[in-house]
Amino acid sequence: MIADKLVELKILLRRACMCENAGVNKKSTIHLRTKVLYLLKERPVKASELIGTLSVAKPNVTALTNGLAADGLITKERSSNDRREITLTITEAGSAFLRERLDVIESGFKNILTSEEEYSAAEEDIDEVINLLSFLG
């Protein structure tokens, strides 16, 4: 049953994503900050889009993006047509921070998938899952 497999996948993904803090005693899944920066890496995004994409409440997105902006990782630009509309753009510092986080995650998986064949097979399998689930977005 697909529903069973999706629940299992969600559980396994959460466990697999506990690698961003590699080498640190603290365990957590991939940080929401990293997810936001990842979504901004290709193009500016409206803050309202993050609410739906990340399934996060508006006050949480506001606090998160305020923190990212204060840290110089993104810029926030209010629309001249609608004051409620805010466009978020990743900065060079944000891109560098994202690259560091992705490198940490990548090295965690390279420690587990030690051969090039294992790594390539895992990457292909993940691509298949992404393609299969892309209909949800």
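Treat the numbers as computed from the prediction; the structure is a model and nothing was measured. As a convention, each chain's residues are numbered from 1 in the sequence order in which they are written. With the structure being a predicted model, the display of local features is reserved for residues of pLDDT at least 70 and the display and counting of side-chain atom pairs for 80 or more, all residues being used for whole-chain, interface and lining totals. Hydrogens are left out, water is left out, and the side-chain values use all remaining heavy atoms of the structure.

A. Quick look at the environment of Lys 76. Secondary structure elements follow DSSP: runs of H or I of four or more residues count as helices, runs of E of two or more count as strands, with numbering from the N terminus. Of note, Lys 76 is situated in strand β2 (residues 74-78). Each C-alpha atom of the pair Lys 76 and Leu 88 lies 4.8 Å from the other, and the pair is twelve residues apart in sequence. Contact partners of Lys 76, with chain neighbours within four places excluded, come to Thr 62, Thr 65, Asn 66, Ala 69, Ile 86, Thr 87 and Leu 88. Among the polar contacts made by the side chain of Lys 76, one reaches the side chain of Thr 65 at a distance of 3.4 Å. Definition of a polar contact: a pair of N or O atoms within 3.5 Å, with one able to donate and the other able to accept a hydrogen when the atoms are protein atoms, and with sequence-neighbouring residues admitted only if both atoms are side-chain atoms. Within the structure, Lys 76 has its side chain in polar contact with the side chain of Asn 66 (distance 2.4 Å). We call two residues in contact whenever any of their non-hydrogen atoms come within 4.5 Å of each other.

B. Structural detail: the sheet that holds β2. DSSP-based pairing: two strands are paired if at least 2 bridges between them are found. Spatial ordering of the open sheet is given by β1-β3-β2, a layout of three strands whose pairing is antiparallel. Each of the sheet's edge strands pairs with one partner strand only, and the pair in question is β1 (45-46) and β2. The pairing of β1 with strand β3 (residues 86-90) spans two bridges and is classified as antiparallel. Directly across from Val 45, in β3, lies its bridge partner Leu 88. With axes taken as lines fitted to C-alpha atoms, and helix axes fitted only over the stretch in contact, angles between N-to-C directions fall between 0 and 180 degrees. Strand contacts of helix α4 (residues 58-70): β2 and β3, with the helix running at about 120° to β2, the strand carrying the most contacts.

C. Here's a closer look at the pattern of salt bridges. What counts as a salt bridge is simple: a side-chain nitrogen of Lys or Arg found within 4 Å of a carboxyl oxygen of Asp or Glu. Applying the stated rule across the entire model yields six salt bridges. In this structure, the salt-bridge partner of Lys 46 is Glu 85, at a minimum N-O distance of 3.8 Å. In this pair, Lys 46 sits in strand β1 while Glu 85 sits in the loop between β2 and β3, placing the two residues 39 residues apart along the sequence. In this scheme, a residue with accessible area under 20% of its type's maximum is buried, one over 50% is exposed, and one in between is partly exposed, where area comes from a 1.4 Å probe on protein chains only. Exposure remark for Glu 85: the relative accessible area of 29% places this residue in the partly exposed category. Of the charged contacts, one joins Asp 82 and Arg 84 as a salt bridge, the two residues approaching to 3.1 Å between their closest N and O atoms. For Arg 84, a relative accessible area of 74% corresponds to the exposed category.

D. Highlighting the packing of aromatic side chains. Only Phe, Tyr and Trp rings take part, Trp by its six-membered ring, and two of them pair if their centres are within 6.5 Å. Stacked means planes under 30 degrees apart, edge-to-face means over 60, and tilted covers everything else. Inspection of every chain in the model, using the stated rule, returns zero aromatic pairs. Any Lys NZ or Arg CZ that is within 6 Å of a ring centre and within 35 degrees of that ring's normal is treated as a charge sitting over the ring. The cationic tip of Arg 33 hangs over the ring face of Phe 97; the distance from NZ or CZ to the ring centre is 5.8 Å. Taking the ring centre of Tyr 119 as reference, the NZ or CZ of Lys 110 above it sits at 5.3 Å.

E. Structural detail: unusual backbone geometry. Although it is not a glycine, Ser 55 sits at a positive phi angle of roughly 55°. Assignment of secondary structure puts Ser 55 in the loop between α3 (47-54) and α4. Taking the relative accessible area as the measure of exposure, Ser 55 reaches 67% and is therefore exposed.

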